[in-house]
Structures are given as C-alpha cells and as structure tokens.
Amino acid sequence: MRLIGQAILLALTMQLTVSAFADDAEDNDIYAEFLEDGNPAEFSEINGEELWKTKAGPNNVSLEQCDLGKGPGVVEGAYVELPRYFSDVNKVMDLEQRLIHCRMTLQGLTQEEATKQPFSKPGKASDIEPLVAYITAASKGMKMAVKLEHPMEKEAYEIGKKLFFHRAGSHDFGCVTCHSADNKRIRLQNLPNLLDKKQAQKVYATWPAYRLSQGEVRSMQHRLRSCIRQQRFPNPKYASDAITALTMYLAKSADGAVYAAPAIKR
Amino acid sequence: MKKLMVLIATIAAAGCSSSTVEKDYDAEVVRLINSDFKSKGSVQIEKFVQQDEVQKLCSQDGELSQDALASIRDSQMKTVKYPADDQYLGDWEKGIKIANNGKGGQFSDKPGSVSGGNCFGCHQITKEEVAFGTMGPSLYQYGKLRGNSKEIYQYTWAKIYNAQASIACSNMPRFGHAGILTEEQIKDLMALLLDPESPTNK
C-alpha cells in the first residue's frame, strides 16, 4: 500500500513537470528521460509479481502454473510471442485472454469474476493491470517475434488487418484514418503511422505503459478501447477475439522490435 | 471457427492444394463485429457491419482506380442539400463552439446530446486556437483567400456536407450526409470560415 501511495505521489509530481512538454513532437522521448529516475510502472510490476504468486480463487492456487505459451510457469519471453495459438483451447489468445483463461481454469474463478475489473478506476484497483505489467516486463530487451505459423494465427492476422482498414459508422473512421500518414496530429496529439514499420515497432514495443494522464499502467486492450471509442465504433467487449485479431496485426507489424515496456506515456 | 477447422481438415484430407482454401475474411470480420461489440445509444452494431458503398470501397488496402474515385464523387455530390433559403452564413461565434465540440457518435456520449464538428481536431482555423490538429489543411484566412462568391459558398457547403463529393475517400467525415451536423450548425461553421468579421479572416 505504501508503495502505491508513493507511486501516485511520484506520478502527480511528474505530471506537473511534464505537462509543459506534453505537446512536443517527441513527447514520449521526453518521458523516456524520466525512466532513469524510475517508472511508476515498476510498482505495478512488483505488485503483479505478488499477485501472480499468491494463492487465490476457490481452488486457492497461484497463477505460477499458467502456461502463457512457453510452458507452464514460464513468464520470461512469453509476451513477445503473443498473441499465439493455444492447442488446449484451439484458439488464438492475447495476453489478457490467456490470463483470464488461467484465472478460470487454475484458480477456479468464473468468467465474470476473472474479468471483473480489467481497468482500474479511482478507488477500484485492477488485478489485471499489475499482472500484465509483471508479465510484459519479463520480456524487456527481447525481440518481438509473433510467429504466424498456425493457420489460426494467420487468420487472426488477416482479420486484424481487415479490421484496421474497416471504415464505417457515423464518421467513416477506421484505424487507417488516423494511423496511416506521417507527422499528423489530432488536436495536439501525435498520430503514429502504424503502416510504417519503424513507427509500428516503436509504438508496440512501448505498450503497456504507465499513463501520466491517468496515473495507471494501461494495457493494449485499454489503448485500443480508447481508439475505438474515438473511431465512433460500438463498445468493444473486453478481451474479445476482435481485439486479439487487431493486436495480432499490430504485433506482427512490430516484428523484430526490441521490447521496452511497460513504458511511460502521456 | 470449428466449421473452418473441419473444412480445412476435409480439404487437406482430399489432397487439395492449400490455395483453394481461400477464406472469406470479410465474413469473419462481420461475424466478429457482431459477436465482440455492444450497441449503445446511437452507436449501433448494424452500422458497422453494413458499410455503405463508399465505406466499402474506401476500406480497401490499396489505391482505387480513377473511375472508381470519380463515381464516388458523383454519387456523393448527389447527396448534398444546399440551404433551402439560399442563406449560407450563420453566426461565426456559434461556429467556434461547434468547431471546438468533439462530442457525438462515441459510445461514451449521452444519447441525444448535440454533436459538434471537432473541426479544430483536424484544422487550424483561427489564430487564437493553438490546440489544432493537422489531419486536414489549415483553414486560417479561408474566406480572405477564397473570396465570397456563390461558387465558393457552394463548394465549402458541399465540403462540410459531404467531403467525398469533391475528394473520394477523404478522411473528413460527411457531416451533413451522415446527420452529424444540422443545416443551422453548418451555416454557423460557414460563417466561421467565410464571414469577413470572423477571427478566421483577421
């Protein structure tokens, strides 16, 4: 608890210091300098490791036997190969889908319990965000290497790509509207061109991120949900196959990037 | 999913080459939108599944032919409704508020709330508003540079009403055609861009 208090305090101080720069073209690089003094996401990572190792649920077991794709209990390097096909469920899953699966099958939680608080709100902390921070941090320094070997992986990628280009709804927006040109911005927010390999790599390798504007570690699920809202699309279900497909497309676009998250962002 | 696997297995067993297993990813996209999104208020899933002709064409990865682009422009030009009273300019002060308002169409919006145009999201328009985006061209001094001819009025009205009447697959929303903005709101935005007294032209 004291750790979390410190994290919030640190975040607030940093937010004040940083906001003056927030509109700079290289804003995320400016945040990167703060990393030397510590990223509040580290508190989340520690918290997440504890959650991973703590016995919980009706079965009173920890998540330590969860198979994230590299065998039961292997956390290191798991994230850079996700999303991936899992034969035990005959399906492609992203990290959060897999985590929910483990919470249900190992710990015995119901789906509702396992997905209850995917994103923290003031006064309502999420277990999933710190777990995601812990697991992703264990891939730091490794190269993004989503495989696309299994037909279902290939299929998820192709569907994700289609979804990326899918323009619809009241505003005719698709991901492609906001993320297919260099050096554009909405208001003062820079829009990465996700069709450009370098930019896609830089973006993907820095999620999840501790968001200064929100004072929380946010996952890719959360980032995409905000974009989908701005896109005027309907509300996406948490940890659904549609989001996994989009994530697969983005992860593959970032192939070869040196993974560097949880990062720190606006 | 299961059906697909069975299909693949059957085809593989029959010894067909894998290239015959052309999957219909469009159908999968429709299936996933239906299963993985929730309608809320004015944001209904059907609108995302049933793209109109223009949205379908503009969702392709790759360039469209000149003919296809021209036919989009033609069809979209036909949708433009000019003001019935032939009055194009409303109140630029109201126009600024509409240009600043990004509400409307989001699943987080209260149903029935008035939508804005969020023009500043994509355009520089006045000197005073510095938090402007760059997805579209700067419109600062728009009226001063373009003049006040009926032609310019009609071009600008059509652009706001249906941006694709002049540029197929434009990233700018079709504000009038899609019913995001009312005729009165468009008049106020016209005044923001074209009234000589508007800060746009100072």
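Keep in mind the model is a prediction, meaning the values are calculated, not measured.

Draft legend 1. Structural detail: the overall build of chain B. Counting its secondary structure elements, chain B contains ten helices and one strand. For chain B, the α and β elements follow one another from N to C terminus as α-α-β-α-α-α-α-α-α-α-α. Across the 202 residues that make up chain B, the buried fraction comes to 45%. Of all intrachain contacts in chain B linking residues separated by at least 6 positions in sequence, the fraction that spans at least 24 positions is 58%. Counting only carbon and sulfur atoms, one obtains 55% of the accessible surface of chain B, whose full area is about 10,900 Å².

Draft legend 2. Looking closely at empty space enclosed by the protein. If you walk through the whole model with that rule in mind, you get five cavities of 30 Å³ or more. By volume, the largest cavity amounts to about 70 Å³. Lining the largest cavity are A:Tyr79, A:Leu82, A:Pro83, A:Asp94, A:Leu95, A:Glu96, A:Val132, A:Tyr204, A:Ser219, A:Met220 and A:Thr247. When grouped by side-chain class, the residues that make up the lining of the largest cavity number seven nonpolar, two polar and two charged. For the second largest cavity, the calculated volume is near 60 Å³. Forming the boundary of the second largest cavity are A:Leu163, A:Cys175, A:Ile228, A:Gln231, A:Phe233, A:Leu246 and B:Phe37.

Draft legend 3. Region of the structure containing the packing of aromatic side chains. Going through the model one piece at a time under the given rule, you end up with ten aromatic pairs over all chains. With a centroid separation of 5.7 Å and 45° between ring planes, the pair formed by B:Tyr88 and B:Tyr153 is classed as tilted. Separated by 65 residues along the polypeptide, B:Tyr88 in the loop between α5 (66-77) and α6 (92-100) and B:Tyr153 in helix α9 (residues 150-161) bring together distant segments of the chain. The burial state of B:Tyr88 is the same as that of B:Tyr153; both residues are buried. An aromatic cluster is built from A:Tyr157, A:Phe164, A:Phe165 and A:Tyr249, whose rings are joined through pairwise contacts. Above the ring of B:Phe132, the side-chain terminus of A:Arg185 is found at 5.0 Å from the ring centroid.

Draft legend 4. How the structure looks around the state of the cysteines. Tallying each qualifying case throughout the model produces two disulfides over all chains. Disulfide pairing places A:Cys66 opposite A:Cys102 at an S-S distance of 2.0 Å. Torsion about the S-S bond of the A:Cys66 and A:Cys102 cystine: about 75°, corresponding to right-handed handedness. Note that A:Cys66 is positioned in the loop between α3 (41-53) and β1 (84-86) and A:Cys102 in helix α4 (residues 95-105), a separation of 36 residues in sequence. Taken individually, A:Cys66 and A:Cys102 each receive the classification buried, so the pair is uniform in this respect. Between the sulfur atoms of B:Cys58 and its disulfide partner B:Cys169 the distance amounts to 2.0 Å. Measuring the twist about the S-S bond at about -85°, one finds the B:Cys58-B:Cys169 disulfide to be left-handed. Pair noted here: B:Cys58 is in helix α4 (residues 53-58) and B:Cys169 is in the loop between α9 and α10 (183-194), with a separation of 111 residues, a long-range link.

Draft legend 5. Molecular detail of α5(B). Residue and element names in this part refer to chain B. With twelve residues, α5 should cover 16 Å at 1.5 Å per step; its first-to-last C-alpha distance of 16 Å lies within 8% of that length. Listing the buried residues of α5 in full gives Ala68, Leu69, Ile72 and Gln76. Taken down its axis, α5 places every buried residue within 100° of arc, on the same side. Away from the buried face of α5 by more than 90 degrees, exposed residues Gln66 and Asp67 are located.

Draft legend 6. Just the packing of α4(A) against helix α6 (residues 128-137) of chain A, in detail. Residues and elements named next belong to chain A. The N-to-C vectors of α4 and α6 enclose an angle of 115°; their axes lie 11 Å apart at closest approach. Between α4 and α6, the angle is such that the two are roughly perpendicular. Crossing geometry of α4 relative to α6 is assigned as right-handed. Here α4 contributes Leu95, Glu96, Leu99 and Arg103 to the contact with α6, which in turn contributes Ile128, Leu131, Val132, Ile135 and Thr136. Tallied by class, residues from the contact of α4 with α6 come to six nonpolar, one polar and two charged.

Draft legend 7. Up close: the packing of α6(B) against α10(B). Residues and elements named next belong to chain B. At a minimum axis distance of 7 Å, the contact between α6 and α10 shows a crossing angle of 105°. The angle between α6 and α10 falls in the class roughly perpendicular. Contacts from Trp92, Lys94, Gly95, Ile96, Ile98 and Ala99 in α6 reach Glu184, Gln185, Asp188, Leu189, Ala191 and Leu192 in α10. Here the contact of α6 with α10 is composed, by residue class, of seven nonpolar, two polar and three charged.

Draft legend 8. Inspection of the nonpolar core at higher detail. All names here are of chain A. Membership of the largest hydrophobic core comes to 72 residues, with the highest contact counts inside it found for Trp52, Ile135, Met144, Phe164, Tyr204 and Leu250. Ranked by residues supplied to this core, first place goes to helix α11 (residues 241-253) with eight residues. Not counting residues up to four positions away in its chain, the partners in contact with Tyr204 are Tyr79, Leu82, Pro83, Met144, Met220, Thr247, Leu250, Ala251, Ala254 and Tyr259.

Draft legend 9. Highlighting the confidence of the model for chain B. Looking at chain B, pLDDT values average 90 and 89% of them are 70 or higher. Here the predicted complex scores 0.90 on pTM and 0.91 on ipTM.

Scoring rules and cut-offs
- Once a new chain begins, its residue numbering starts again from 1 and follows that chain's sequence as written.
- Written order decides the labels, with chains lettered from A and ligands numbered from 1.
- Only residues with pLDDT of at least 70 get local features here, since the model is predicted, and only at 80 or more are side-chain atom pairs given and counted; chain-wide, interface and lining totals rely on the full set of residues.
- Hydrogens and waters are ignored; side-chain quantities use all the structure's heavy atoms.
- Helix and strand labels come from DSSP, where a helix needs a run of H or I of at least four residues and a strand needs a run of E of at least two; each type is numbered from the N terminus.
- Under the scheme applied here, a residue whose accessible area is under 20% of the maximum for its type counts as buried, over 50% as exposed, and between as partly exposed, the area being computed with a 1.4 Å probe on protein chains only.
- It only takes one pair of heavy atoms within 4.5 Å for two residues to be counted as in contact.
- Computed by Shrake-Rupley with a 1.4 Å probe, the accessible areas treat only the displayed protein chains as cover when residues are assessed.
- In this analysis a 1.4 Å probe is tested at points of a 1 Å grid over the protein atoms alone, and where it fits but cannot get out there is a cavity; an open set with protein on both sides within 12 Å along at least five of seven lines is a pocket; lining residues have an atom within 4 Å of a point.
- Grid points are joined across faces, edges and corners, and a volume is the space filled by probe spheres set on the points.
- For this scheme, ten residues count as nonpolar: Ala, Val, Leu, Ile, Met, Phe, Trp, Tyr, Cys and Pro. Four count as charged, namely Asp, Glu, Lys and Arg, and the remainder, Gly too, count as polar.
- In this analysis, rings of Phe, Tyr and Trp, with Trp reduced to its six-membered ring, are considered paired at centre separations within 6.5 Å, and the interplanar angle assigns stacked below 30 degrees, edge-to-face beyond 60, and tilted for intermediate values.
- Ring-over charges, as used throughout, are those where CZ of Arg or NZ of Lys falls within 6 Å of the ring centre and within 35 degrees of the ring normal.
- Two cysteine sulfurs form a disulfide in these notes if their separation is within 2.5 Å.
- In this scheme, a helix's expected span is set at 1.5 Å multiplied by one less than its residue total.
- Within this analysis, the arc is defined by the directions that extend from the helix axis to the C-beta atoms.
- To obtain each axis, a line is fitted to C-alpha atoms, and for helices this fit is confined to the stretch in contact; angles are then taken between N-to-C directions over 0 to 180 degrees.
- Any angle between 65 and 115 degrees counts as roughly perpendicular, while under 35 counts as roughly parallel, over 145 as roughly antiparallel, and the rest as oblique.
- Crossing chirality is assigned from the near helix's rotation relative to the far helix, an anticlockwise turn below a right angle marking it left-handed and a clockwise turn marking it right-handed.
- We define the nonpolar core as a collection of buried residues of types Ala, Val, Leu, Ile, Met, Phe, Trp, Tyr and Cys that are connected through side-chain atoms lying within 4.5 Å of one another.
- As a per-residue measure, pLDDT reflects the predictor's confidence and takes values from 0 up to 100.

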